[in-house]
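The chain contents come next:
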Amino acid sequence: MDSLELARKIVDIIVEKQGEDILILDLHGLTTITDYFVICSAASHRQLDAIKNATLEGIKKEAEGTSPKSVEGNADSGWILLDYIDVIVHLFDADIRAYYQIEDLWKAGRVVAHIQ
């Protein structure tokens, strides 16, 4: 599975868990740390946990045992990061996302998909 396919599968899982304002940013040529960011917001800490758990389980099942290199943060902090190396997933509480404005930091990235 290539990195774009992985990003799209992650987005499908997030949509199933009713994540909000979902974005895939293509970072090719901008950084060597990853190919894509998947960014989304959740309405509650419980939903952040549900999205995280569904993503971990779903990708492990659908992508032949693929697990993230690391998982950082937790629902209580309002920001969870799943590092699949070629795809980095940012799960945010809406207020934390507005504060850090990660999309603005990476505005040179090409928007592949934006689901509001």
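In this report, we go over the structure that sits alongside the text. (Residues numbered from 1 in each chain as written. Predicted model: local features only at pLDDT ≥ 70, side-chain atom pairs only at ≥ 80, totals over all residues. Heavy atoms only, no water.)

1. Some details on the pairing of strand E4 (residues 79–83)
Basically, it comes down to this: Type-normalised accessible area, obtained with a 1.4 Å probe on protein chains alone, sets the label of each residue: buried when under 20%, exposed when over 50%, and partly exposed for intermediate values. What counts as a helix is a DSSP run of H or I of at least four residues, what counts as a strand is a run of E of at least two, and both are numbered from the N terminus. For two strands to count as paired, DSSP must find a minimum of two bridges between them.
In terms of burial, E4 is largely enclosed, as four of its five residues are buried. Sheet topology note: the strand E3 (residues 70–74)/E4 ladder contains five bridges and is antiparallel. Paired with Ser 70 across the two strands is Asp 83, which belongs to E4. In textbook terms, the turn of a hairpin is the stretch between consecutive antiparallel strands, and for E3 and E4 this stretch comprises four residues, one of which, Gly 78, has a positive phi near 85 degrees. Summarising the sheet, E4 and strand E5 (residues 87–93) pair through five bridges and their orientation is antiparallel. Within E5, the position partnered with Leu 82 by the bridge is Val 89. Where E4 hands over to E5, the hairpin turn is made up of three residues, of which Ile 85 adopts a positive phi near 65 degrees.

2. Observations regarding the side chain of Arg 97
Counted only if it meets this: Whenever a nitrogen or oxygen atom comes within 3.5 Å of another N or O atom, the pair is scored as a polar contact, on the condition that within protein one atom can donate a hydrogen and the other can accept it, and that pairs from neighbouring residues in sequence are kept only if both atoms are in side chains. Contacts between residues were defined by any pair of non-hydrogen atoms, one from each residue, lying within 4.5 Å.
Tracing the backbone through its elements, the reader meets Arg 97 in helix H3 (residues 94–100). Judged by its relative accessible area of 5%, Arg 97 falls in the buried class. Reaching out from Arg 97, the side chain makes a polar contact with the side chain of Glu 103 at a distance of 2.3 Å. With near-sequence residues (within four places) excluded, Arg 97 lies in contact with Glu 20, Asp 21, Leu 23, Ile 39, Cys 40, Ser 41, Phe 92, Ile 102 and Glu 103.

3. A look at the packing of aromatic side chains
Convention followed: Any two of the Phe, Tyr and Trp rings considered here, Trp counted by its six-membered ring, make a pair once their centres fall within 6.5 Å; the pair's planes then place it as stacked at under 30 degrees, edge-to-face at over 60, or tilted in between.
Under the defined criterion, the tally for this structure stands at four aromatic pairs. With a centroid separation of 4.9 Å and 50 degrees between ring planes, the pair formed by Trp 79 and Tyr 100 is classed as tilted. Of this pair, Trp 79 sits in strand E4 while Tyr 100 sits in helix H3, and the two are 21 residues apart along the sequence. Overall, the relative accessible area of 25% leaves Trp 79 in the partly exposed class. Here the aromatic rings of Tyr 99 and Tyr 100 are separated by 4.9 Å at their centres, their planes lie at 90 degrees, and the arrangement is edge-to-face. Given the relative accessible area of 63%, Tyr 99 is considered exposed. The class of Tyr 100 is partly exposed, set by a relative accessible area of 41%. Members of the aromatic cluster, each reached through a chain of ring pairs, are Trp 79, Phe 92, Tyr 99 and Tyr 100.

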